[in-house]
Amino acid sequence: MRFLTRFLQISVFVVLLHASRLALCEGQTDSNFKPNNFIDSQLAILWNSHRVEPASVVTDAQFLRRASLHLTGRIPQPEEVRRFVRSQDPRKREKKIDELLASPHYAPYWARVWRHWLNAEPQFGQACCAIGEFSRAEPKNDQERIRGWAVEQLEAGLRCAHRENEPLDQLVKSLLLAKGDVRDIPEVGFYTVHDTPVDASSVMAEMLLGADLSCARCHKHPNGRWDTPDYLALESCFDRLQLTNTINGGMPRINLAIEMRTVDGEDIEVSSKYFGNAFSKAVRKDSDPRAAIVDWLSGPGKRHFARSMVNHYWHHLFGYGLIDPIYRIDESDLGQHAELLERLSQQLIDDKFDAKKLLRRLCNSRAYQLGGEQWTQETKLLFNSHRQRICHQTRPWLLYQAFDTQAPFEATYKRSTHALHSSDGCTRHGHHATETPSATPMPFADAIYKLVSAKDNRLHRLLEAGKSDEEILEHLALATLARPLSDEEKAQLKSIAKTDAWSKLPRKQKFERIFLLLGHHAEFLSFY
(Lines give C-alpha, C1' and ligand atoms only; values in the text may rest on other atoms or scores of the structure.)
Protein backbone atom coordinates (compact mmCIF):
# COMPACT_ATOMS: atom_id res chain seq x y z
CA MET A 1 0.00 0.00 0.00
CA ARG A 2 2.87 2.36 0.85
CA PHE A 3 4.47 1.62 -2.53
CA LEU A 4 1.19 2.32 -4.35
CA THR A 5 0.76 5.63 -2.53
CA ARG A 6 4.31 6.68 -3.41
CA PHE A 7 3.80 5.66 -7.03
CA LEU A 8 0.60 7.68 -7.33
CA GLN A 9 2.23 10.75 -5.78
CA ILE A 10 5.16 10.61 -8.17
CA SER A 11 2.80 10.07 -11.10
CA VAL A 12 0.81 13.16 -10.11
CA PHE A 13 4.03 15.19 -9.96
CA VAL A 14 5.06 14.05 -13.45
CA VAL A 15 1.60 14.97 -14.76
CA LEU A 16 1.87 18.40 -13.14
CA LEU A 17 5.28 18.92 -14.69
CA HIS A 18 3.87 18.09 -18.09
CA ALA A 19 0.77 20.23 -17.56
CA SER A 20 2.86 23.25 -16.57
CA ARG A 21 4.89 22.80 -19.76
CA LEU A 22 1.73 22.70 -21.84
CA ALA A 23 0.60 25.94 -20.25
CA LEU A 24 3.75 27.63 -21.49
CA CYS A 25 3.04 26.85 -25.14
CA GLU A 26 -0.45 25.68 -25.98
CA GLY A 27 -3.12 28.23 -26.63
CA GLN A 28 -0.64 31.06 -27.05
CA THR A 29 -0.44 32.77 -30.42
CA ASP A 30 1.35 35.82 -31.71
CA SER A 31 -0.83 38.15 -33.76
CA ASN A 32 2.07 40.63 -34.09
CA PHE A 33 4.52 38.25 -35.68
CA LYS A 34 7.61 40.06 -37.00
CA PRO A 35 9.72 38.19 -39.56
CA ASN A 36 13.45 37.81 -38.94
CA ASN A 37 14.33 36.73 -42.49
CA PHE A 38 12.82 35.57 -45.77
CA ILE A 39 11.86 32.22 -44.20
CA ASP A 40 9.44 34.00 -41.87
CA SER A 41 8.13 36.27 -44.63
CA GLN A 42 7.43 33.29 -46.86
CA LEU A 43 5.65 31.40 -44.08
CA ALA A 44 3.66 34.49 -43.08
CA ILE A 45 2.10 34.55 -46.55
CA LEU A 46 1.05 30.94 -46.12
CA TRP A 47 -0.37 31.56 -42.65
CA ASN A 48 -2.40 34.52 -43.87
CA SER A 49 -3.82 32.52 -46.74
CA HIS A 50 -4.95 29.81 -44.30
CA ARG A 51 -6.09 32.34 -41.68
CA VAL A 52 -3.93 30.96 -38.87
CA GLU A 53 -1.80 32.82 -36.36
CA PRO A 54 1.67 31.54 -35.45
CA ALA A 55 2.42 30.30 -31.95
CA SER A 56 4.24 32.66 -29.62
CA VAL A 57 8.03 32.57 -29.49
CA VAL A 58 9.53 30.34 -26.80
CA THR A 59 11.23 31.77 -23.73
CA ASP A 60 14.97 32.43 -23.68
CA ALA A 61 15.57 29.34 -21.53
CA GLN A 62 13.58 27.12 -23.90
CA PHE A 63 15.38 28.54 -26.92
CA LEU A 64 18.77 27.94 -25.32
CA ARG A 65 17.98 24.30 -24.54
CA ARG A 66 16.52 23.70 -28.00
CA ALA A 67 19.41 25.28 -29.89
CA SER A 68 22.06 23.64 -27.71
CA LEU A 69 20.64 20.17 -28.27
CA HIS A 70 20.06 20.70 -31.99
CA LEU A 71 23.48 22.15 -32.74
CA THR A 72 25.77 20.41 -30.23
CA GLY A 73 23.74 17.57 -28.72
CA ARG A 74 24.26 18.92 -25.20
CA ILE A 75 22.12 20.37 -22.42
CA PRO A 76 23.12 23.91 -21.37
CA GLN A 77 24.71 24.25 -17.95
CA PRO A 78 22.72 26.03 -15.17
CA GLU A 79 25.09 29.01 -15.08
CA GLU A 80 24.81 29.30 -18.85
CA VAL A 81 21.01 29.36 -18.56
CA ARG A 82 21.08 32.03 -15.85
CA ARG A 83 23.55 34.18 -17.79
CA PHE A 84 21.57 33.92 -21.02
CA VAL A 85 18.22 34.69 -19.40
CA ARG A 86 19.63 37.71 -17.52
CA SER A 87 21.25 39.19 -20.63
CA GLN A 88 19.52 42.27 -22.03
CA ASP A 89 21.30 42.08 -25.38
CA PRO A 90 18.61 42.16 -28.12
CA ARG A 91 20.88 40.03 -30.34
CA LYS A 92 21.70 37.42 -27.72
CA ARG A 93 19.92 34.59 -29.56
CA GLU A 94 21.76 35.35 -32.77
CA LYS A 95 25.08 35.47 -30.91
CA LYS A 96 24.31 32.22 -29.06
CA ILE A 97 23.72 30.44 -32.38
CA ASP A 98 27.13 31.63 -33.62
CA GLU A 99 28.69 30.50 -30.34
CA LEU A 100 27.16 27.03 -30.62
CA LEU A 101 28.27 26.65 -34.25
CA ALA A 102 31.82 27.48 -33.13
CA SER A 103 31.64 25.11 -30.17
CA PRO A 104 34.07 22.16 -29.99
CA HIS A 105 31.01 19.95 -29.53
CA TYR A 106 29.59 20.91 -32.94
CA ALA A 107 31.81 18.67 -35.11
CA PRO A 108 31.51 15.44 -33.04
CA TYR A 109 27.74 15.82 -32.82
CA TRP A 110 27.18 16.50 -36.53
CA ALA A 111 29.52 13.66 -37.44
CA ARG A 112 27.13 11.37 -35.58
CA VAL A 113 24.11 12.98 -37.25
CA TRP A 114 25.62 12.37 -40.68
CA ARG A 115 26.60 8.84 -39.73
CA HIS A 116 22.96 8.17 -38.93
CA TRP A 117 21.80 9.83 -42.13
CA LEU A 118 24.14 7.47 -43.96
CA ASN A 119 22.71 4.51 -42.00
CA ALA A 120 26.28 3.64 -41.05
CA GLU A 121 25.69 1.86 -37.76
CA PRO A 122 27.58 -1.06 -36.30
CA GLN A 123 25.48 -4.18 -35.97
CA PHE A 124 26.15 -4.39 -32.26
CA GLY A 125 26.00 -2.32 -29.08
CA GLN A 126 25.41 1.13 -30.53
CA ALA A 127 22.71 3.58 -29.45
CA CYS A 128 20.33 4.69 -32.15
CA CYS A 129 20.44 8.46 -31.59
CA ALA A 130 23.05 11.06 -32.40
CA ILE A 131 22.61 12.75 -29.01
CA GLY A 132 24.67 10.22 -27.08
CA GLU A 133 27.10 7.40 -27.61
CA PHE A 134 27.42 4.23 -25.62
CA SER A 135 30.22 1.76 -25.08
CA ARG A 136 29.94 -1.23 -27.32
CA ALA A 137 29.43 -4.84 -26.47
CA GLU A 138 32.30 -7.14 -27.33
CA PRO A 139 32.13 -8.17 -31.00
CA LYS A 140 31.00 -11.74 -31.52
CA ASN A 141 33.25 -12.37 -34.50
CA ASP A 142 35.81 -10.78 -36.81
CA GLN A 143 33.11 -9.48 -39.13
CA GLU A 144 31.49 -7.46 -36.35
CA ARG A 145 34.86 -6.24 -35.18
CA ILE A 146 35.82 -5.03 -38.65
CA ARG A 147 32.46 -3.34 -39.20
CA GLY A 148 32.58 -1.54 -35.84
CA TRP A 149 36.13 -0.35 -36.45
CA ALA A 150 35.24 0.82 -39.98
CA VAL A 151 32.34 2.90 -38.63
CA GLU A 152 34.69 4.51 -36.11
CA GLN A 153 37.03 5.46 -38.95
CA LEU A 154 34.12 6.86 -40.98
CA GLU A 155 32.90 8.93 -38.05
CA ALA A 156 36.41 10.27 -37.49
CA GLY A 157 36.48 11.39 -41.12
CA LEU A 158 33.05 13.03 -40.80
CA ARG A 159 34.19 14.73 -37.60
CA CYS A 160 37.21 16.19 -39.36
CA ALA A 161 35.05 17.37 -42.28
CA HIS A 162 32.65 19.20 -39.96
CA ARG A 163 35.47 20.66 -37.90
CA GLU A 164 36.84 22.22 -41.08
CA ASN A 165 33.33 23.09 -42.28
CA GLU A 166 33.89 21.18 -45.51
CA PRO A 167 31.23 22.01 -48.14
CA LEU A 168 28.46 19.42 -48.18
CA ASP A 169 28.87 18.61 -51.86
CA GLN A 170 32.57 17.99 -51.32
CA LEU A 171 31.80 15.77 -48.34
CA VAL A 172 29.52 13.59 -50.47
CA LYS A 173 32.01 13.54 -53.35
CA SER A 174 34.64 12.24 -50.94
CA LEU A 175 32.27 9.43 -49.99
CA LEU A 176 31.47 8.67 -53.61
CA LEU A 177 35.08 8.41 -54.77
CA ALA A 178 36.57 6.78 -51.68
CA LYS A 179 38.94 3.88 -52.31
CA GLY A 180 42.08 2.48 -50.79
CA ASP A 181 42.95 1.70 -47.16
CA VAL A 182 40.40 2.87 -44.60
CA ARG A 183 43.25 4.01 -42.32
CA ASP A 184 44.21 6.57 -44.95
CA ILE A 185 40.75 7.19 -46.46
CA PRO A 186 38.17 7.00 -43.63
CA GLU A 187 35.28 7.36 -46.10
CA VAL A 188 35.99 3.76 -47.20
CA GLY A 189 34.23 2.80 -43.96
CA PHE A 190 30.93 3.67 -45.67
CA TYR A 191 31.39 0.79 -48.11
CA THR A 192 32.14 -1.63 -45.28
CA VAL A 193 28.62 -1.07 -43.98
CA HIS A 194 26.99 -0.75 -47.41
CA ASP A 195 29.02 -3.39 -49.19
CA THR A 196 26.58 -4.18 -52.00
CA PRO A 197 25.53 -2.04 -54.99
CA VAL A 198 21.94 -2.18 -53.74
CA ASP A 199 22.78 -0.78 -50.29
CA ALA A 200 25.22 1.86 -51.50
CA SER A 201 22.95 3.14 -54.27
CA SER A 202 19.90 3.25 -51.97
CA VAL A 203 21.63 5.41 -49.37
CA MET A 204 23.13 7.69 -52.00
CA ALA A 205 19.71 8.14 -53.59
CA GLU A 206 18.34 9.26 -50.21
CA MET A 207 21.17 11.72 -49.65
CA LEU A 208 21.61 13.04 -53.20
CA LEU A 209 17.99 13.11 -54.32
CA GLY A 210 15.89 12.84 -51.18
CA ALA A 211 14.32 9.84 -52.90
CA ASP A 212 13.57 6.27 -51.96
CA LEU A 213 14.21 4.20 -55.08
CA SER A 214 13.30 0.84 -53.54
CA CYS A 215 10.07 0.64 -55.55
CA ALA A 216 11.95 1.39 -58.76
CA ARG A 217 13.97 -1.81 -58.40
CA CYS A 218 11.02 -3.64 -59.90
CA HIS A 219 8.61 -1.07 -61.33
CA LYS A 220 7.96 2.62 -61.83
CA HIS A 221 7.51 4.53 -58.60
CA PRO A 222 3.72 5.02 -58.14
CA ASN A 223 4.02 8.60 -56.87
CA GLY A 224 7.13 9.82 -58.64
CA ARG A 225 9.05 9.90 -61.87
CA TRP A 226 11.47 7.14 -60.91
CA ASP A 227 11.60 4.14 -63.18
CA THR A 228 13.61 0.93 -63.17
CA PRO A 229 16.25 2.28 -65.61
CA ASP A 230 16.88 5.17 -63.19
CA TYR A 231 17.52 2.78 -60.33
CA LEU A 232 19.68 0.48 -62.45
CA ALA A 233 21.71 3.44 -63.71
CA LEU A 234 22.57 4.48 -60.17
CA GLU A 235 23.19 0.93 -58.95
CA SER A 236 25.52 0.15 -61.87
CA CYS A 237 27.88 2.87 -60.65
CA PHE A 238 28.67 0.75 -57.56
CA ASP A 239 28.95 -2.70 -59.14
CA ARG A 240 32.75 -2.69 -59.57
CA LEU A 241 33.68 -2.23 -55.91
CA GLN A 242 35.98 -4.87 -54.48
CA LEU A 243 36.16 -4.75 -50.68
CA THR A 244 38.82 -6.74 -48.85
CA ASN A 245 38.51 -7.19 -45.08
CA THR A 246 41.28 -8.88 -43.12
CA ILE A 247 42.69 -8.96 -39.62
CA ASN A 248 46.47 -8.99 -39.49
CA GLY A 249 48.20 -9.18 -36.14
CA GLY A 250 44.96 -8.35 -34.34
CA MET A 251 44.42 -5.12 -36.32
CA PRO A 252 41.61 -4.87 -38.88
CA ARG A 253 42.52 -3.86 -42.41
CA ILE A 254 40.01 -2.74 -45.00
CA ASN A 255 40.85 -1.99 -48.59
CA LEU A 256 38.52 -0.87 -51.37
CA ALA A 257 39.52 -1.19 -55.00
CA ILE A 258 37.75 -0.66 -58.33
CA GLU A 259 37.50 -3.65 -60.64
CA MET A 260 38.78 -2.60 -64.07
CA ARG A 261 36.92 -4.29 -66.92
CA THR A 262 38.82 -4.18 -70.16
CA VAL A 263 37.33 -7.14 -72.03
CA ASP A 264 37.38 -6.29 -75.77
CA GLY A 265 37.96 -2.68 -74.77
CA GLU A 266 34.19 -2.04 -74.82
CA ASP A 267 32.42 0.68 -72.90
CA ILE A 268 29.29 0.43 -70.76
CA GLU A 269 26.26 2.47 -71.75
CA VAL A 270 24.28 3.60 -68.71
CA SER A 271 20.85 4.77 -69.84
CA SER A 272 18.58 6.86 -67.62
CA LYS A 273 15.95 9.41 -68.55
CA TYR A 274 16.07 11.10 -65.14
CA PHE A 275 19.81 11.49 -64.72
CA GLY A 276 20.15 12.82 -68.25
CA ASN A 277 23.42 13.27 -70.10
CA ALA A 278 25.65 12.72 -67.08
CA PHE A 279 24.59 9.09 -66.85
CA SER A 280 23.78 8.47 -70.50
CA LYS A 281 27.34 9.01 -71.63
CA ALA A 282 29.55 5.99 -72.03
CA VAL A 283 31.42 4.90 -68.92
CA ARG A 284 34.77 3.38 -69.79
CA LYS A 285 35.45 -0.03 -68.36
CA ASP A 286 38.88 1.06 -67.15
CA SER A 287 37.53 3.95 -65.03
CA ASP A 288 35.60 4.39 -61.78
CA PRO A 289 31.90 4.57 -62.75
CA ARG A 290 31.12 6.50 -59.57
CA ALA A 291 32.77 9.49 -61.24
CA ALA A 292 29.61 9.79 -63.37
CA ILE A 293 27.65 10.61 -60.21
CA VAL A 294 30.22 13.25 -59.23
CA ASP A 295 29.93 14.82 -62.71
CA TRP A 296 26.16 14.85 -62.41
CA LEU A 297 26.35 16.30 -58.89
CA SER A 298 28.51 19.16 -60.16
CA GLY A 299 26.09 19.93 -62.97
CA PRO A 300 22.37 19.19 -63.34
CA GLY A 301 22.23 17.30 -60.03
CA LYS A 302 23.31 20.28 -57.95
CA ARG A 303 19.76 21.52 -57.49
CA HIS A 304 18.48 18.07 -56.48
CA PHE A 305 21.23 17.67 -53.91
CA ALA A 306 20.60 21.16 -52.49
CA ARG A 307 16.90 20.38 -52.04
CA SER A 308 17.72 17.14 -50.28
CA MET A 309 20.19 18.82 -47.90
CA VAL A 310 17.81 21.68 -47.06
CA ASN A 311 15.08 19.17 -46.33
CA HIS A 312 17.38 17.02 -44.17
CA TYR A 313 18.57 19.98 -42.07
CA TRP A 314 15.05 21.42 -41.80
CA HIS A 315 13.78 18.05 -40.60
CA HIS A 316 16.55 17.88 -37.99
CA LEU A 317 15.63 21.29 -36.54
CA PHE A 318 11.85 21.30 -36.93
CA GLY A 319 10.95 17.63 -36.55
CA TYR A 320 9.45 17.39 -40.03
CA GLY A 321 10.60 18.31 -43.49
CA LEU A 322 9.42 20.98 -45.88
CA ILE A 323 8.59 17.87 -47.85
CA ASP A 324 7.62 15.07 -45.52
CA PRO A 325 8.62 12.24 -45.36
CA ILE A 326 12.05 13.55 -46.29
CA TYR A 327 12.77 10.74 -48.78
CA ARG A 328 9.74 11.57 -50.90
CA ILE A 329 10.95 14.59 -52.85
CA ASP A 330 9.27 14.67 -56.25
CA GLU A 331 10.50 17.36 -58.62
CA SER A 332 7.10 17.55 -60.30
CA ASP A 333 5.34 18.39 -57.02
CA LEU A 334 7.33 20.13 -54.28
CA GLY A 335 4.27 20.78 -52.14
CA GLN A 336 2.96 23.93 -50.49
CA HIS A 337 6.44 25.03 -49.38
CA ALA A 338 7.93 24.76 -52.87
CA GLU A 339 8.92 28.44 -53.11
CA LEU A 340 10.61 28.39 -49.70
CA LEU A 341 12.41 25.13 -50.49
CA GLU A 342 13.66 26.47 -53.82
CA ARG A 343 14.90 29.72 -52.32
CA LEU A 344 16.72 27.97 -49.49
CA SER A 345 18.22 25.54 -52.00
CA GLN A 346 19.47 28.40 -54.17
CA GLN A 347 20.94 30.10 -51.09
CA LEU A 348 22.76 26.89 -50.20
CA ILE A 349 24.20 26.69 -53.74
CA ASP A 350 25.22 30.37 -53.60
CA ASP A 351 26.89 29.71 -50.23
CA LYS A 352 28.87 26.86 -51.82
CA PHE A 353 27.04 24.29 -49.69
CA ASP A 354 28.18 25.78 -46.38
CA ALA A 355 26.31 23.82 -43.67
CA LYS A 356 26.92 26.38 -40.93
CA LYS A 357 25.42 29.19 -43.01
CA LEU A 358 22.34 27.05 -43.63
CA LEU A 359 21.98 26.20 -39.92
CA ARG A 360 22.52 29.83 -38.97
CA ARG A 361 19.81 30.94 -41.40
CA LEU A 362 17.30 28.35 -40.16
CA CYS A 363 17.95 28.88 -36.44
CA ASN A 364 17.75 32.66 -36.70
CA SER A 365 14.26 32.47 -38.21
CA ARG A 366 11.39 33.15 -35.84
CA ALA A 367 9.75 30.03 -37.25
CA TYR A 368 12.43 27.92 -35.55
CA GLN A 369 11.84 29.77 -32.27
CA LEU A 370 8.09 29.22 -32.12
CA GLY A 371 6.46 27.24 -29.33
CA GLY A 372 4.27 24.24 -29.90
CA GLU A 373 3.27 20.85 -28.64
CA GLN A 374 1.60 17.93 -30.37
CA TRP A 375 1.84 16.94 -34.03
CA THR A 376 -1.22 17.58 -36.20
CA GLN A 377 -1.70 17.76 -39.93
CA GLU A 378 -2.05 21.52 -39.57
CA THR A 379 1.50 21.62 -38.18
CA LYS A 380 2.62 21.24 -41.79
CA LEU A 381 1.75 24.92 -42.10
CA LEU A 382 4.71 25.48 -39.75
CA PHE A 383 2.82 27.94 -37.52
CA ASN A 384 4.13 26.16 -34.44
CA SER A 385 7.09 23.96 -33.58
CA HIS A 386 6.40 20.23 -33.50
CA ARG A 387 7.52 18.81 -30.19
CA GLN A 388 10.55 16.71 -31.09
CA ARG A 389 11.29 13.81 -28.82
CA ILE A 390 14.76 12.53 -28.16
CA CYS A 391 15.28 8.80 -28.40
CA HIS A 392 14.68 7.40 -24.91
CA GLN A 393 17.80 5.23 -25.03
CA THR A 394 19.84 8.41 -24.67
CA ARG A 395 18.39 9.24 -21.23
CA PRO A 396 21.54 7.91 -19.46
CA TRP A 397 23.75 10.09 -21.65
CA LEU A 398 21.64 13.19 -20.93
CA LEU A 399 21.64 12.30 -17.23
CA TYR A 400 25.41 12.01 -17.45
CA GLN A 401 25.51 15.59 -18.70
CA ALA A 402 23.04 16.72 -16.03
CA PHE A 403 24.96 15.03 -13.18
CA ASP A 404 28.17 16.64 -14.48
CA THR A 405 30.57 14.05 -13.12
CA GLN A 406 34.13 13.23 -14.16
CA ALA A 407 33.45 9.52 -13.74
CA PRO A 408 33.74 7.63 -17.06
CA PHE A 409 30.43 7.03 -18.75
CA GLU A 410 29.85 3.35 -19.38
CA ALA A 411 26.55 2.10 -20.68
CA THR A 412 25.88 -0.67 -23.13
CA TYR A 413 22.70 -0.92 -25.13
CA LYS A 414 22.55 -4.22 -26.97
CA ARG A 415 19.84 -3.50 -29.50
CA SER A 416 21.02 -1.96 -32.76
CA THR A 417 19.15 -0.07 -35.44
CA HIS A 418 19.86 1.86 -38.60
CA ALA A 419 17.41 4.63 -37.69
CA LEU A 420 18.30 8.07 -36.46
CA HIS A 421 15.17 7.87 -34.33
CA SER A 422 13.58 4.54 -33.62
CA SER A 423 9.86 3.86 -33.65
CA ASP A 424 9.70 3.60 -29.85
CA GLY A 425 9.07 7.23 -29.16
CA CYS A 426 11.17 8.93 -31.83
CA THR A 427 11.01 9.73 -35.51
CA ARG A 428 12.85 9.07 -38.72
CA HIS A 429 11.88 9.60 -42.34
CA GLY A 430 9.19 12.02 -41.21
CA HIS A 431 7.03 9.52 -39.31
CA HIS A 432 5.79 10.98 -36.06
CA ALA A 433 5.41 9.20 -32.74
CA THR A 434 3.10 10.31 -29.95
CA GLU A 435 4.66 8.94 -26.78
CA THR A 436 8.04 8.33 -25.21
CA PRO A 437 8.51 5.38 -22.84
CA SER A 438 9.09 6.65 -19.31
CA ALA A 439 11.10 3.72 -18.00
CA THR A 440 14.88 3.65 -18.23
CA PRO A 441 15.94 0.60 -20.30
CA MET A 442 17.27 -2.11 -18.03
CA PRO A 443 20.69 -2.35 -19.75
CA PHE A 444 21.32 1.19 -18.42
CA ALA A 445 20.47 0.53 -14.77
CA ASP A 446 24.09 0.05 -13.67
CA ALA A 447 25.19 3.21 -15.48
CA ILE A 448 22.44 5.26 -13.81
CA TYR A 449 23.42 3.92 -10.38
CA LYS A 450 27.06 4.90 -10.97
CA LEU A 451 26.00 8.43 -11.90
CA VAL A 452 23.89 8.78 -8.77
CA SER A 453 26.55 7.42 -6.45
CA ALA A 454 29.53 9.27 -7.99
CA LYS A 455 31.28 11.32 -5.32
CA ASP A 456 31.98 14.25 -7.62
CA ASN A 457 28.56 14.66 -9.27
CA ARG A 458 26.66 17.92 -9.33
CA LEU A 459 24.38 17.03 -6.44
CA HIS A 460 27.28 15.96 -4.20
CA ARG A 461 29.08 19.25 -4.87
CA LEU A 462 25.98 21.28 -4.03
CA LEU A 463 25.51 19.43 -0.75
CA GLU A 464 29.20 19.82 0.14
CA ALA A 465 28.93 23.56 -0.54
CA GLY A 466 26.13 23.83 2.04
CA LYS A 467 23.47 25.00 -0.42
CA SER A 468 19.91 25.31 0.83
CA ASP A 469 17.10 23.05 -0.35
CA GLU A 470 15.70 25.85 -2.51
CA GLU A 471 19.06 26.50 -4.14
CA ILE A 472 19.67 22.82 -4.84
CA LEU A 473 16.19 22.33 -6.28
CA GLU A 474 16.58 25.32 -8.60
CA HIS A 475 20.00 24.11 -9.72
CA LEU A 476 18.76 20.58 -10.47
CA ALA A 477 15.78 21.94 -12.45
CA LEU A 478 18.05 24.15 -14.54
CA ALA A 479 20.44 21.23 -15.13
CA THR A 480 17.66 19.03 -16.51
CA LEU A 481 14.81 21.20 -17.81
CA ALA A 482 16.69 24.50 -18.24
CA ARG A 483 14.02 26.30 -16.23
CA PRO A 484 13.07 26.70 -12.57
CA LEU A 485 10.16 24.72 -11.17
CA SER A 486 6.80 26.44 -10.73
CA ASP A 487 5.31 27.04 -7.27
CA GLU A 488 2.80 24.26 -7.92
CA GLU A 489 5.57 21.80 -8.80
CA LYS A 490 7.54 22.75 -5.69
CA ALA A 491 4.47 22.27 -3.50
CA GLN A 492 3.86 18.83 -5.00
CA LEU A 493 7.45 17.82 -4.33
CA LYS A 494 7.20 18.95 -0.73
CA SER A 495 4.03 16.90 -0.35
CA ILE A 496 5.84 13.81 -1.68
CA ALA A 497 8.81 14.46 0.64
CA LYS A 498 6.51 14.33 3.68
CA THR A 499 5.24 10.82 2.95
CA ASP A 500 6.43 7.89 5.05
CA ALA A 501 8.42 6.48 2.12
CA TRP A 502 10.45 9.71 1.78
CA SER A 503 10.42 11.31 5.24
CA LYS A 504 12.90 8.83 6.74
CA LEU A 505 15.37 9.10 3.88
CA PRO A 506 18.62 11.06 4.31
CA ARG A 507 18.64 14.46 2.61
CA LYS A 508 21.04 13.30 -0.08
CA GLN A 509 18.84 10.35 -1.08
CA LYS A 510 15.78 12.60 -1.31
CA PHE A 511 17.52 14.87 -3.77
CA GLU A 512 18.87 11.90 -5.70
CA ARG A 513 15.28 10.73 -6.22
CA ILE A 514 14.18 14.22 -7.22
CA PHE A 515 17.06 14.44 -9.70
CA LEU A 516 16.10 11.11 -11.30
CA LEU A 517 12.42 12.11 -11.23
CA LEU A 518 13.22 15.21 -13.28
CA GLY A 519 15.22 13.02 -15.66
CA HIS A 520 12.18 10.80 -16.25
CA HIS A 521 9.92 13.63 -17.35
CA ALA A 522 8.96 13.80 -21.03
CA GLU A 523 10.24 17.39 -21.18
CA PHE A 524 13.73 16.13 -20.35
CA LEU A 525 13.62 13.99 -23.50
CA SER A 526 12.52 16.71 -25.87
CA PHE A 527 14.31 19.35 -27.94
CA TYR A 528 12.70 22.36 -26.26
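Residues numbered from 1 in each chain as written. Predicted model: local features only at pLDDT ≥ 70, side-chain atom pairs only at ≥ 80, totals over all residues. Heavy atoms only, no water.

(A) Representation of helix α20 (residues 469-480) in the model. Taking 1.5 Å per residue as the helical rise, α20 with its 12 residues ought to reach 16 Å, and the 17 Å between its terminal C-alpha atoms agrees with that figure. Three or more residues of α20 are buried, namely I472, L473, H475, L476, A477, L478, A479 and T480. Residues of α20 that are buried in the fold lie against α3 (60-72), α4 (78-86), α17 (395-403), α19 (458-464), α21 (487-497) and α23 (507-519). A positive backbone phi angle near 60 degrees is found at A482, which sits one or two residues after α20. (Helix = DSSP H or I, 4+ residues; strand = E, 2+ residues; numbered from the N terminus. Expected span 1.5 Å × (residues − 1). Buried < 20%, exposed > 50% of the residue type's maximum accessible area, 1.4 Å probe, protein only. Contact = heavy atoms within 4.5 Å.)

(B) The pattern of salt bridges, seen in detail. All chains considered together, the criterion is met by 22 salt bridges. In this structure, K96 and E99 form a salt bridge, with 3.0 Å as the shortest nitrogen-oxygen distance. Of this pair, K96 and E99 both sit in helix α5 (residues 92-101), 3 residues apart, which is roughly one turn of that helix. The salt bridge involving K494 is made with E470; its shortest N-O contact spans 4.0 Å. Taken as a pair, K494 in helix α21 and E470 in helix α20 lie far apart in primary sequence, 24 residues in all. By sharing partners, the salt bridges in this structure join D60, K92 and R93 into a single network. (Salt bridge = Lys/Arg side-chain N within 4 Å of Asp/Glu carboxyl O.)

(C) Local environment of the packing of aromatic side chains. This structure, assessed with the given rule, holds 13 aromatic pairs. Taken together, a centroid distance of 6.1 Å and an interplanar angle of 70 degrees make the contact between W110 and W117 edge-to-face. For the residue pair W110 and W117, the accessibility class agrees, reading buried in each case. Put simply, the rings of Y106, Y109, W110, W114, W117 and Y313 pair up and form one aromatic cluster. When the ring centre of F84 is taken as origin, the NZ or CZ atom of K92, which lies over that ring, is 5.1 Å away. (Phe/Tyr/Trp six-rings, centres within 6.5 Å; stacked < 30°, edge-to-face > 60°. Lys NZ or Arg CZ within 6 Å of the ring centre and 35° of its normal.)

(D) Expanded view of the nonpolar core. Ranked by size, the top nonpolar core spans 127 residues in total, and within it W114 and Y313 carry the most contacts. Considering every element that reaches this core, the biggest residue donor is helix α14 (residues 302-318), with 8 residues. Contact partners of W114, with chain neighbours within four places excluded, come to L158, H162, L168, L171, V172, M207, M309 and Y313. (Core = buried A, V, L, I, M, F, W, Y, C linked by side-chain atoms within 4.5 Å.)

(E) Region of the structure containing unusual backbone geometry. Backbone torsion omega between D324 and P325 reads 0 degrees, so that peptide bond is classified as cis. Structurally, P325 can be placed in the loop between α14 and α15 (338-350). The phi dihedral of D404 is positive, around 50 degrees, even though this residue is not glycine. Residue placement: D404 occurs in the loop between α17 and α18 (445-453). Of note in this structure, A482 is not a glycine but carries a positive phi near 60 degrees. Assignment of secondary structure puts A482 in the loop between α20 and α21.

(F) Representation of the environment of Q347 in the model. Secondary-structure assignment places Q347 in helix α15. The exposure class of Q347 is partly exposed, given its relative accessible area of 23%. Taking the C-alpha atoms as reference points, Q347 and K357, 10 residues apart in sequence, are found 9.3 Å from one another. The residues contacting Q347, other than those within four sequence positions of it, are F38 and R361.

(G) Representation of α5 within the structure. Among all positions of α5, only K92, R93, K96, I97, L100 and L101 are buried. On its buried face, α5 sits against α3, α4, α6 (106-117) and α16 (355-364).

(H) The side chain of Q401, seen in detail. As for its position among the elements, Q401 is in helix α17. At 2.7 Å, the side chain of Q401 forms a polar contact with the backbone nitrogen of I75. Discounting chain neighbours no more than four positions away, the residues touching Q401 are G73, R74, I75, Q77 and R458. (Polar contact = N/O pair within 3.5 Å; in protein donor to acceptor, adjacent residues only side chain to side chain.)

(I) Quick peek at the packing of α3 against α4. At a closest axis distance of 9 Å, the pairing of α3 and α4 adopts a crossing angle of 130 degrees. Between α3 and α4, the angle falls in the class oblique. Between α3 and α4 lies a crossing of right-handed hand. Contact residues: D60, A61, F63 and L64 in α3; E80, V81, F84 and V85 in α4. Among the residues forming the contact of α3 with α4, the class breakdown is 6 nonpolar, no polar and 2 charged. (Axes fitted to C-alpha atoms, helices over the stretch in contact; angles between N-to-C directions. Parallel < 35°, antiparallel > 145°, perpendicular 65-115°, else oblique. Left-handed = near helix turned anticlockwise from the far one by under 90°. Nonpolar A, V, L, I, M, F, W, Y, C, P; charged D, E, K, R; others polar.)

(J) Spotlight on the side chain of E512. Its location among the elements puts E512 in helix α23. Using a relative accessible area of 13% as the deciding quantity, one classes E512 as buried. Residues within four places of E512 in sequence aside, it is in contact with V452 and L459.

(K) Representation of the confidence of the model for the protein chain in the model. Confidence in the prediction for the protein chain averages 77 pLDDT; 72% of positions are at 70 or higher. Of the regions scoring below 50 in pLDDT, residues 1-29 engages in 54 contacts with residues more than four places distant in sequence or in other chains. Counting interchain partners and residues more than four positions distant, the pLDDT-below-50 stretch residues 262-267 has 8 contacts. (pLDDT = per-residue confidence, 0-100.)

(L) Structural detail: the environment of D184. With respect to the helices and strands, D184 occurs in the loop between β1 (180-181) and α9 (189-193). The class of D184 is exposed, set by a relative accessible area of 61%. Considering only alpha carbons, one finds D184 and Q153, 31 residues apart in sequence, at a separation of 9.4 Å.

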